[in-house]
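Inside the fold
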Amino acid sequence: MVLRLLLLLGGLLRATKPAPRCETGQETLGQCHTVQKAKCVDIALSSCTDVAYTQMVYPNFLDQKSREVIEYSSEYLLISVLHNLLQGECNPDLRLLGCSVLAPQCEKDKVIKPCRHVCENLKKNCLPAFDAIDMAWPYFLDCDRFFAGEEEGCYDPLAKLRGEVDAEEDLPSDVPATFIQFKHHSYSQMVSTLKKTASKCSHIATTYSIGRSFEGKDLFVIEFSTKPGHHELLKPEFKYIGNMHGNEVVGKELLIYLAQYLCSEYLLGNPRIQTLINNTRIHLLPSLNPDGYELAAEEGAGYNGWVIGRQTAQNLDLNRNFPDLTSEAYRRAGIRGARLDHIPIPQSYWWGKVAPETKAVMKWLRSIPFVLSASLHGGELVVTYPYDYSRHPMEEKMFSPTPDEKVFKMLAKAYADAHPVISDRSELRCGGNFVKRGGIINGAEWYSFTGGMADFNYLHTNCFEVTVEVGCEKFPLEEELFTIWHENKGALLNYMEMVHRGIKGIVSDKFGNPIKNARISVRGIQHDVTTAADGDYWRLLPPGTFIISAQAPGYSRVMKRVTIPARMKQAGRVDFVLRPAEAWPSKLLRRSMEDAYDPHDPLELFDPHAQHGQPEARGGSAAGREKPWWWSYFSSLDLHKPLWLLKQR
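What you are looking at is a predicted structure, and each value in this text was computed from that prediction instead of being measured.

1. Some details on the sheet that holds strand 5 (residues 205-212)
- Within the open sheet, the eight strands sit side by side as 5-6-8-7-9-12-10-11. Their pairing is mixed. Strands at the two margins of the open sheet, each flanked by one partner only, are strand 5 and strand 11 (440-442). Within the sheet, the average angular offset between the axes of one strand and its neighbour, ignoring direction, is 25°.
- Bridge count for strand 7 (residues 237-242) against strand 8 (residues 281-285) is five bridges, and the pairing is parallel. For Lys239, the partnering residue across the bridge sits in strand 8 and is His283.

See the structure below:
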C-alpha cells in the first residue's frame, strides 16, 4: 500500500514539473520551445561561410533543426539570390544579416544575437530597393523579433564590411606621429588607416562612403578641409581616385600615404600643406574597386598579371562603364551655338549593365561641385588627358582634343614636370616612349576607348580630370613603395594646387541673392561651367586675356574682359551681378541646368530589373498578372513558396 502511494506521488510530481525555460537566443517566432543546451557546430551553409564567426547552433532562430532543412527553406534561398534580385544593392549586407538569423553565432555553447540597431539601419537604407521590385521586407529580418539591444551583449554582423575585422595592428608607442608604413594595405587595413588618420586630424579631416562595391565594401573617402563635411563658399573641390582597376594598386597606396602625409604635415606646421588645406576641400578615394583588388592581392605583389583583378566582381571594366557622351559631343560640335558641356545621360545607357561603383561615382559628382580631379592608374608612366575617345571611331590612335586643350595640357604638365622620372629625358626607362611629348599625351592619340571616367567628368559636370599612369608595374613589391612615394609626392601636391588656376567668383542678382546654375562662358571655348548652389563658380584657364560672360534664364548677360598673368598662382576673383531681362530668348541648349535632365532622373530612379523593351509603371507589377517577376526564383519550392514576400494590397 505504501509503495503504491509513493509511485502515485512520483507521477503527480512529474506531471507538474515546469516546462524548460528558453535560453537567450532560443526563442522562435515569438514562442518558447523546448531546447537542449546549445551546442556549437561548424558552419556548413555555403551562403554563410564568409561571416565573421566560425560556429553556429541548431535549431536556429526560425526553429530549423538541421542544415538540410535550412538549405531547402525559402528564407535561405532568398538570401542566396538577393544579390541578383537587387542587382548588388545592399549586398552582401542583407545576406550577412540573414545569416545571423539562419546561422546564429555560437561561442562556448552560448548563442549570441545580432544587434538590433544594425538591422534597423540596414532596413532604413534598403527598404526602397525592396519597394522598387515590389517585394515586402522579409519577416525573418524583423528587427524587434530576432535581434537584441547592445545592453544584451549583441554583435554587429556587418563589422567585417566596415573593416572592423582584421584591422591593422597598432604601431609601437614610440613610433613618431609622422610615421608612414610603406606597405600594401588590405581593405580592412586601408579603412583602419583612413579612420585613424581622420581621428588624429579630426579638426581638418573626416571619412565618408560614396556607396558600396558589388560585394558590399564601402567606397571610403577621406576628406581634408577646414570645415570637413561641408562645401565652403569659393573654396574649390578637388578629388583623387585610385585603384579603379583592382590590379593597379600603386594609386591606392599613394593616396593612403598622401592622407597620412597631409595630416601629419598640417599638424607640424608645414606652410605649403596648411595653405593647401586651408584653401581647398580635398577628397581622396584610394580604392574604387576593392573587390578587384582582393582578387589581385591573392596573386601577390610582383607576380600579378595584366588581367587578374582588373575588373569588378561583375566582370566590368569601370573605365569603360561610364556613359559615352563623347560621341554626342562630336555630333554637337558642328552645330552653331551648341555647347559641349553638361550633356545629359542618354536613356539607352541604362539598358546596359551599370556597376554600382559607377553609379556611386556619378552620384558623387552630382552632389559636390568638383573643379579638378585625377585618376591614378598603373602599367605605364605618362599623364593622359581627354578626349579618350577618337573623333573617328575607326581610328585607334588619333589626336582628339577638347575645347579646353590648352587647359588640359597645362594640368597634365603640372604633374609630369614635378615627377622626377617622367620629366627625365632618358628614353631607356619606363615611360620612355613619351619623352618627346614631355610625358603627356592626348588619351585618344595613345589609344582610343569609350565609356571612360575622364571624358564623363568633363562632358557631364564642371570637373576637369586627367589620368595618371604612375608606373610600369601594376602590383610592385613592398620594398619599391617607398621610392614610388617619393617620386610622386611632389607631383601629387603640385597637381592639387592647380585647382587654384584661372578665375573664380559669385554670380548674384541685384539684391545679392546667389544664382544657381548660371552659365560662365569663355569666348572661343565651346565649353561652359555652371555656378553651384551658393552662386559660386571656378573656371580653370591658362594665362592670357579672355572675354568672360555670365548668363542665367530670366537675366541679361554680363560680359567682362579678364587678363590672367603668367605668374599668377591663385584664381582671380571675377564676380557678376545679373539684372532681370525683359524677355529670355529660347535658343538651342541655352536652358537652365534644372531643365537639362529628365525630372525622373534615371540616376536616382534607375531600376535594373525593368523590362526596357516593354515599359511599365513602377510598382505596377500586380496589374495584369498574379505574381511579380521575381516569383519564378522560388518555383522549385512547391508548397513552401514565400507568400510573406508578397505585398499586401
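Having seen it, we continue.
2. Comments concerning the packing of aromatic side chains
- One pass over the structure, following the stated rule, counts 27 aromatic pairs.
- Summarising the aromatic geometry, the rings of Phe182 and Phe482 are spaced 5.1 Å apart at their centres and angled 85° between planes, so their arrangement reads as edge-to-face. Of this pair, Phe182 sits in the loop between helix 6 (143-146) and helix 7 (187-200) while Phe482 sits in helix 16 (residues 481-497), and the two are 300 residues apart along the sequence.
- Here Phe408 and Tyr458 contribute two aromatic rings whose centre-to-centre distance is 5.3 Å and whose plane-to-plane angle is 70°, an arrangement assigned as edge-to-face. In this pair, Phe408 sits in helix 13 (residues 405-417) while Tyr458 sits in helix 15 (residues 453-460), placing the two residues 50 residues apart along the sequence. In this structure, Phe408 and Tyr458 share a single accessibility class: buried.
- Here the aromatic cluster, defined as three or more aromatic residues joined through ring pairs, consists of Tyr330, Tyr385, Tyr387, Phe408, Tyr458 and Phe464.
- Of note, Arg320 hangs over the ring of Phe449, and the distance from its end group to the ring centre comes to 3.9 Å.
- Of note, Lys560 hangs over the ring of Phe576, and the distance from its end group to the ring centre comes to 5.1 Å.

3. What about the state of the cysteines?
- All told, the structure shown has six disulfides when counted by the stated rule.
- Across the disulfide from Cys115 sits Cys154; the S-S distance is 2.0 Å. Taking the sign of the torsion about the S-S bond as the criterion, the disulfide between Cys115 and Cys154, at about 90°, is right-handed. Here Cys115 is found in the loop between strand 4 (110-112) and helix 5 (116-132), whereas its partner Cys154 is found in the loop between helix 6 and helix 7, with 39 residues between them in sequence. As far as burial versus exposure is concerned, Cys115 and Cys154 are alike and both buried.
- The disulfide bridge from Cys430 ends at Cys472, spanning 1.9 Å between sulfur atoms. Its S-S torsion of about 95° marks the bond between Cys430 and Cys472 as right-handed, since a negative value means left-handed. Taken as a pair, Cys430 in the loop between helix 13 and strand 11 and Cys472 in the loop between strand 12 (464-471) and helix 16 lie far apart in primary sequence, 42 residues in all.
- For Cys472, a relative accessible area of 29% corresponds to the partly exposed category.

4. Description of helix 15
- With eight of eight residues buried, helix 15 lies mostly within the body of the structure.
- Those residues of helix 15 not exposed but buried are Met453, Ala454, Asp455, Phe456, Asn457, Tyr458, Leu459 and His460.

5. A short note on the pairing of strand 18 (residues 558-564)
- One ladder, built from seven bridges, connects strand 17 (residues 544-551) with strand 18; its direction is antiparallel. Note that in strand 18 the partner of Ser549 across the bridge is Met559.
- Counting the residues between successive antiparallel strands, the hairpin from strand 17 to strand 18 contains six residues, one of them, Gly554, with a positive phi of roughly 90°.

6. Let's talk about the pattern of salt bridges
- Evaluation of the coordinates by the stated rule reveals 28 salt bridges.
- Among the ionic pairs, Glu328 bridges to Arg332, the shortest N-O distance being 3.0 Å. Here Glu328 and its partner Arg332 are both found in helix 11 (residues 326-333), four residues apart, which amounts to about one turn of the helix.
- When its relative accessible area of 22% is taken as the criterion, Glu328 is described as partly exposed.
- Put simply, Arg539 and Asp404 hold a salt bridge, and the shortest N to O gap is 2.8 Å.

7. Notes on the UniProt feature "active site" (unreviewed entry) in the protein
- This chain's UniProt record puts "active site" (unreviewed entry) on Glu469.
- Structurally, the position occupied by Glu469 is in strand 12.
- Given a relative accessible area of 8%, Glu469 falls into the buried group.
- If we skip the residues at most four places from it in the chain, Glu469 touches His377, Gly378, Gly379, Glu380, Leu381, Val382 and Trp446.
- Engagement of the side chain of Glu469 in a polar contact is seen with the backbone nitrogen of Gly378, the distance being 3.4 Å.

8. Comments concerning the sheet that holds strand 14 (residues 519-522)
- Strands sit in the order 15-14-17-18 across an open sheet of four strands; the sheet is antiparallel. Each end of this open sheet is capped by a strand with a single partner; those strands are strand 15 (525-530) and strand 18. Between one strand axis and the next, the sheet turns through 25° on average, direction left out of account.
- Here strand 14 pairs with strand 15 via three bridges, running antiparallel. Residue pairing in the sheet places Arg519 in a bridge with Thr530 of strand 15.

9. Concerning the environment of Phe464
- Along the chain, Phe464 turns up in strand 12.
- A residue is classified by how much of its surface remains accessible, and Phe464, at 1% relative accessible area, is buried.
- Along the chain, Phe464 and Val407 lie 57 residues apart, while their C-alpha atoms are 9.0 Å from each other.

10. Topic: unusual backbone geometry
- The residue after Tyr58, namely Pro59, is reached through a cis peptide bond having omega -10°.
- Assignment of secondary structure puts Pro59 in the loop between strand 2 (55-56) and helix 2 (67-71).
- Look at the link from Pro386 to Tyr387: it is a cis peptide, with omega at 0°.
- By secondary structure assignment, the location of Tyr387 is in the loop between strand 10 (380-385) and helix 13.
- Not every positive phi belongs to a glycine, and Leu234 is a case in point at roughly 70°.
- Secondary-structure assignment places Leu234 in the loop between strand 6 (218-224) and strand 7.

11. Things to note about the pairing of strand 6
- Among the seven residues in strand 6, seven count as buried, and that is most of the element.
- The alternating pattern of strand 6 places Asp218, Phe220, Ile222 and Phe224 on one face and Leu219, Val221 and Glu223 on the opposite face, and all of these are buried.
- In this sheet, strand 6 lies alongside strand 5 in antiparallel orientation, the contact comprising six bridges. Note on strand 6: the bridge partner recorded for Tyr208 is Val221.
- Both strand 6 and strand 8 contribute to a ladder of three bridges, which runs antiparallel. Bridge pairing in strand 8 places Ile222 opposite Leu284.

12. So, the side chain of Asp536
- Inspection of the secondary structure puts Asp536 in strand 16 (residues 536-539).
- If near-sequence neighbours (up to four positions away) are discounted, Asp536 is found in contact with His231, Glu232, Leu233, Leu234, Gly505, Ile506 and Thr531.

Analysis parameters
The numbers attached to residues start from 1 for each chain and follow its sequence in the written order. Side-chain atom pairs in this predicted model are given and counted only at pLDDT of 80 or more, local residue features only at pLDDT of at least 70, and totals for whole chains, interfaces and linings cover all residues. Side-chain metrics in this entry use all non-hydrogen atoms of the structure; hydrogen atoms and water are not considered. Between any two strands, pairing holds if DSSP finds at least two bridges. Segments assigned H or I by DSSP are reported as helices when at least four residues long, segments assigned E as strands when at least two residues long, and all are numbered from the N terminus. Here, axes are lines fitted to C-alpha atoms. For helices the fit covers the stretch in contact, and angles between N-to-C directions go from 0 to 180 degrees. Side-chain rings of Phe, Tyr and Trp (the six-membered ring for Trp) are treated as a pair once their centres are within 6.5 Å; stacked means planes under 30 degrees apart, edge-to-face means over 60, and tilted covers the remaining angles. Throughout, exposure labels follow a simple rule: accessible area from a 1.4 Å probe, protein chains only, divided by the maximum for the residue type, with under 20% read as buried, over 50% as exposed, and the rest as partly exposed. Only when the NZ atom of a Lys or the CZ atom of an Arg is both within 6 Å of the ring centre and within 35 degrees of the ring normal do we say a charge sits over the ring. For the purposes of this analysis, a disulfide is any pair of cysteine sulfur atoms at a distance within 2.5 Å. The salt bridge criterion pairs a side-chain nitrogen of Lys or Arg with a carboxyl oxygen of Asp or Glu, the two atoms within 4 Å. UniProt positions are given in the numbering used here, feature names are shortened, and annotations may be inferred rather than shown by experiment. Every residue pair with non-hydrogen atoms within 4.5 Å of one another is taken to be in contact. Within 3.5 Å is the distance limit for a polar contact, defined as a pair of N or O atoms, with the added protein rule that one can donate a hydrogen and the other accept it, and that residues adjacent in sequence qualify only through two side-chain atoms.

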